[in-house]
Structures are given as C-alpha cells and as structure tokens.
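Residues per chain are reported as follows:
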Amino acid sequence: MSSDTLIREVDEELRRDRMRKLWRQTGPWVIGAAVAVVLGVAGYEGWQWWAKTQAARSSEQFYAAAKLADGADLDAAKKALDAVIAQGSGGYPMLAQFREAALLAQNGKIDEAVAAYDALSSSINNTHLRELALVLAANLLIDKGDVQAVEQRVGGSLTPGSPMRNAAREALALTQYKAGKLDDAMKNFEAILEDPAASRDTQGRVQIYMLQLQAEGAKPIEAPAPAASSSAEPASASQPAASSAAPEASAEGVVAPPAIDTSAMSMALPQQSAVSAASSAAPEALASGMPSAPVSFQPSSAP
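About the cut-offs
Residues numbered from 1 in each chain as written. Predicted model: local features only at pLDDT ≥ 70, side-chain atom pairs only at ≥ 80, totals over all residues. Heavy atoms only, no water. Salt bridge = Lys/Arg side-chain N within 4 Å of Asp/Glu carboxyl O. Helix = DSSP H or I, 4+ residues; strand = E, 2+ residues; numbered from the N terminus. Buried < 20%, exposed > 50% of the residue type's maximum accessible area, 1.4 Å probe, protein only. Phe/Tyr/Trp six-rings, centres within 6.5 Å; stacked < 30°, edge-to-face > 60°. Core = buried A, V, L, I, M, F, W, Y, C linked by side-chain atoms within 4.5 Å. Contact = heavy atoms within 4.5 Å.

**Observations concerning the pattern of salt bridges**
Part 1 of the argument: Per the counting criterion, the structure on display carries 9 salt bridges.
Part 2 of the argument: For Arg99, the salt bridge is made with Asp70, and the minimal N-O distance between the two is 3.0 Å. On the criterion of sequence distance, the pair formed by Arg99 in helix α3 (residues 92-106) and Asp70 in the loop between α1 (3-69) and α2 (74-87) is long-range, its members being 29 residues apart.
Part 3 of the argument: Judged by its relative accessible area of 19%, Arg99 is buried.
Part 4 of the argument: With a closest N to O distance of 3.3 Å, Glu100 and Lys78 form a salt bridge. Of this pair, Glu100 sits in helix α3 while Lys78 sits in helix α2, and the two are 22 residues apart along the sequence.
Part 5 of the argument: What makes Glu100 buried here is its relative accessible area of 12%.
Part 6 of the argument: Assessed through its relative accessible area of 34%, Lys78 is described here as partly exposed.
Part 7 of the argument: A single network of salt bridges, built from pairs that share partners, joins Lys78, Asp82 and Glu100.

Below, the structure written as structure tokens:
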C-alpha cells in the first residue's frame, strides 16, 4: 500500500469521526426543530379549521336571529341575539349588538336603544364603527331636541376626514331645528351642501330643509364679500359689472341665498309643477315638529 493511499484513508476516517461527533451534538436539535415545525403547521391548520367552523355556526345563529327580529316574536329575537353576543365568534357579536339596538328602537324603547348604542361605541376599537354607533344614537335623540346630548355624540365626527361627517351634521342640524336654533341649523345644512362628498339625495333633502328654515325665519346664508379692487380706475367695458356678478342685497343688507338646484329637489318633490309654488311660499305641508325622516312638499290644491 502506497503512502498516498494510506494518508487518504486516514483523512477519510478522521472526516467520518468529525461528522459522527457533530451529529451527536446537533442531531437532537435538528430533529426537535423538524418536529416543532410539523406540529406548528398542524396546529395552525387545526386552528384555522376550528375558526371557520365557529364562524359558520355564528353566521347561522345570527341570520336566524335576524329573521326572528323581522317577525313578530320580538322576545325570541332578543334572546337569539343575546346568544350570538355571548357565544358568537368573529364580528358576529358586534353585528348582533347593532341589530339588538335597532330592535329596541323599533319597539319604541328609545332610551334603552341609545344606551345600547353608547355601550357598543365604547367597546369597539374600529373608529368608523364607533362613529356609526354614536351617529345612530344621535338620530334617536333628534325628536327630544337635546342639542348638547347630540353634539356630545357626533362632535368627533364633524371633522373633514370623517366619512360620517355629513350624517353627523344632518343629525345635529335637525336637533337644532327641533330646539328652535334655526340659524345654527342653517349653518350645518350649508356645510353639507358645500361638501363635495355629499350624495345627491342628501343635498336635495338638505335644500328642502333650508327652504323650510327660511320660511320659518332663519337668516339666509350670506355670500362671501367681493375682493376689494387694487385699482381706482373704473371697470372697463370688457369686464362685467360688479352688480351683475354679485347677488342682490336686500334693504337690510342681507345677501340673497344661493340658487337652489331644482334638479336635485325634483327627486324629493312629488310633482315638478309644484316646485315653483313650494319654493316661493312657505312649505305648509312640512310638519312643524322635528322631522324624523326626509321631508317632502305636498302639491298645493290652489290653482
């Protein structure tokens, strides 16, 4: 046997000894890590299966309770909703709380419904859902005319970045209307009209409210004052006269209200032919109390 062959065999034997020693040191750890990975994947899949099963069961319970709430057996509906709140998983307990508060309001239990919405708002982490619960509670307080209570609930939603800002403004303005604060209500309604995110239906409804407010004595919204001219020279013939561009002022110095979009109002009015008569005269058909639903004019029977 040559010396090279002997050296090569010795090197291979030393290498095998080092590998056996390394495996004895790290082998248990490698096996344990592999077992942990397998158990972790199995546990995650099992948890996913359990969560889906629970969500499916909660879904069935919630829709069964909602069907009962749409029927006549209200006590059974409340018990079913309470079961979903206590035993449900995922977002179904929260949905059940919203539905139960609406069920209380539907049965005339306004104070209990407001308390339910308030409790719901304090237990929700989602900002938008919290604002929704508070606005729903404020809508139930409109007929009481308690401006402070409504403002306390919707004050946080009056910011420009809130998606509930127009609903909050409308609830506050209607409460101010009910409380007799017509000018404050007019300002909040005007803020809705100036918001580009307000829907066409909302704008049409708000325009009708503003007509009613003006008929009852609210001050019209004043147009912004024109900018002062930096030149003392009279306007040239090519420039329109200031009196033709600015709204006409009344004898008391109040600028006439902005033009009403009759195309938007036509969606809320029963007949297009009655728009001119309703907008020029006080809308007699509107209820003197606080409207709880969108208000519409009734066509006049006079020729």
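**Points about the environment of Ser59**
Part 1 of the argument: Along the chain, Ser59 falls in helix α1.
Part 2 of the argument: As a C-alpha pair, Ser59 and Val84 span 25 residues in sequence and 9.0 Å in three-dimensional space.

**With respect to the packing of aromatic side chains**
Part 1 of the argument: In total, this model carries 4 aromatic pairs according to the counting rule given.
Part 2 of the argument: Each ring, one from Phe62 and one from Tyr63, has its centre 5.5 Å from the other, and the planes form 70°; the classification is edge-to-face.
Part 3 of the argument: Of the residues examined, Phe62 reaches a relative accessible area of 10% and is grouped as buried.
Part 4 of the argument: Put simply, the rings of Phe62, Tyr63 and Tyr92 pair up and form one aromatic cluster.

**A closer look at the nonpolar core**
Part 1 of the argument: Core analysis: the biggest nonpolar cluster contains 34 residues, and Phe98, Tyr117, Val150, Val154, Ala185, Phe189 and Leu213 have the highest contact counts within it.
Part 2 of the argument: Elements with a contribution of two residues or more to this core: α3, α4 (110-123), α5 (127-140), α6 (147-154), α7 (165-178), α8 (182-193) and α9 (200-215).
Part 3 of the argument: The residues contacting Val154, other than those within four sequence positions of it, are Leu134, Val135, Ala138, Ala168 and Leu172.
Part 4 of the argument: Membership of the second largest hydrophobic core comes to 10 residues, among which are Phe62, Ala69, Leu81 and Ala96.

**Digging into the side chain of Ser58**
Part 1 of the argument: Residue position: Ser58 is located in helix α1.
Part 2 of the argument: A relative accessible area of 0% places Ser58 in the buried class.

**Topic: the environment of Leu158**
Part 1 of the argument: By the element assignment, Leu158 lies in the loop between α6 and α7.
Part 2 of the argument: Note: C-alpha distance between Leu158 and Arg169 (11 residues apart in sequence) is 6.7 Å.
Part 3 of the argument: In this structure Leu158 touches Arg165, Ala168, Arg169 and Leu172, once residues within four positions along its chain are discounted.

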